[in-house]
Amino acid sequence: MIEISIYLRVLLVLGSISTAAFILKRIRQAKVQIEDCIFWLFFAAFLLLLSIFPEVASWVSRLLEFESPINLVYLLIIFVLLVHQFSMTVRISQMDFKLRTLAQKVALNERDQEEHEAAHTAQNGSAALGKADFSSEEKK
């Protein structure tokens, strides 16, 4: 069985609660989207549960034949963070593709608009030139 001093438990509980409060504050300030913070809220809740009930880590580590409960905790944390990192990499790749596609569409729209304006200016210019020729012939 794992023995954690009461001071360390209180410190871990306060750390987990303050992390969750910080995340919720950032959501309220519209600095972060809710979907992005769900992971961190669950992560803080996981750490809170481990700090309140360290016996769970001890029991699972014995069940899976880990040498120490902390090894199990570290392995779980590293695994969860790696999975989260991979999912963030996939999201960034998708956003990069969308951004590149959007930039190409904007560039094509700007080119079409410039061509349209150039054609419109050329038509107005030739019409004005024709009027100028007509008025100069009248003066003769």
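Below you will find a few notes about this structure.

What counts and how
- Residues numbered from 1 in each chain as written.
- Predicted model: local features only at pLDDT ≥ 70, side-chain atom pairs only at ≥ 80, totals over all residues.
- Heavy atoms only, no water.
- Helix = DSSP H or I, 4+ residues; strand = E, 2+ residues; numbered from the N terminus.
- Buried < 20%, exposed > 50% of the residue type's maximum accessible area, 1.4 Å probe, protein only.
- Patch = residues over 30% accessible without salt bridge, like charges linked within 9 Å, V, L, I, M, F, W, Y side chains within 5 Å.
- Areas by Shrake-Rupley, 256 points an atom, 1.4 Å probe, with all protein chains shown as cover.
- Salt bridge = Lys/Arg side-chain N within 4 Å of Asp/Glu carboxyl O.
- Axes fitted to C-alpha atoms, helices over the stretch in contact; angles between N-to-C directions.
- Parallel < 35°, antiparallel > 145°, perpendicular 65-115°, else oblique.
- Left-handed = near helix turned anticlockwise from the far one by under 90°.
- Contact = heavy atoms within 4.5 Å.
- Nonpolar A, V, L, I, M, F, W, Y, C, P; charged D, E, K, R; others polar.
- Core = buried A, V, L, I, M, F, W, Y, C linked by side-chain atoms within 4.5 Å.

### Quick notes on unusual backbone geometry
Part 1 of the argument: For A30, which is not glycine, the phi torsion reads 60° and is therefore positive.
Part 2 of the argument: With respect to the helices and strands, the residue A30 is situated in the loop between α1 (6-28) and α2 (34-52).
Part 3 of the argument: By relative accessible area, A30 is classed as exposed at 66%.
Part 4 of the argument: At E65, a residue that is not glycine, the phi angle is positive and equals roughly 60°.
Part 5 of the argument: Summarising the element assignment, E65 is placed in the loop between α3 (54-63) and α4 (69-139).

### Quick look at a nonpolar patch on the surface
Part 1 of the argument: On the surface, a cluster of nonpolar side chains totalling about 470 Å² of accessible area is made up of I6, Y7, V10 and L14.
Part 2 of the argument: Within the secondary structure layout, V10 lies in helix α1.

### Section: the packing of α1 against α2
Part 1 of the argument: Close contact between α1 and α2 brings their axes to 9 Å; oriented N to C, the two are set at 170°. Here α1 is positioned roughly antiparallel relative to α2, judged by the angle of their axes. Crossing of α1 over α2 shows left-handed handedness. Packed against α1, whose contacting residues are R9, L12, V13, S16, I17, T19, A20, I23, L24 and I27, the element α2 presents I34, C37, W40, L41, A44, L47, L48, S51 and I52 at the interface.
Part 2 of the argument: Counted by class, the contact of α1 with α2 contains 15 nonpolar, three polar and one charged residues.

### Structural notes on the side chain of H84
Part 1 of the argument: Looking at where H84 falls in the secondary structure, it is placed in helix α4.
Part 2 of the argument: The exposure class of H84 is buried, given its relative accessible area of 15%.
Part 3 of the argument: Residues within four places of H84 in sequence aside, it is in contact with F39 and W40.

### Remarks on the nonpolar core
Part 1 of the argument: In terms of nonpolar packing, the biggest core is built from six residues, these being F39, F43, L50, A57, V73 and I77.
Part 2 of the argument: It is α2 that contributes the most residues to this core, three residues altogether.
Part 3 of the argument: With near-sequence residues (within four places) excluded, A57 lies in contact with L50, P69, L72 and V73.

### Notes on the pattern of salt bridges
Close approach of charged atoms lets side chains of opposite charge pair.
Part 1 of the argument: Evaluation of the coordinates by the stated rule reveals five salt bridges.
Part 2 of the argument: Linking R9 and E55 is a salt bridge whose minimum nitrogen-to-oxygen distance equals 3.2 Å. Taken together, the positions of R9 in helix α1 and E55 in helix α3 put the pair 46 residues apart, joining distant regions of the chain.
Part 3 of the argument: Exposure remark for R9: the relative accessible area of 23% places this residue in the partly exposed category.
Part 4 of the argument: Note that R111 and D112 form a salt bridge whose closest N and O atoms lie 3.8 Å from each other.
Part 5 of the argument: For R111, a relative accessible area of 45% gives the class partly exposed.
Part 6 of the argument: Among the residues examined, D112 registers a relative accessible area of 38% and is labelled partly exposed.
Part 7 of the argument: One network of salt bridges, in which partners are shared, links R111, D112 and E115.

On their own, these measurements won't tell you what the molecule is for.
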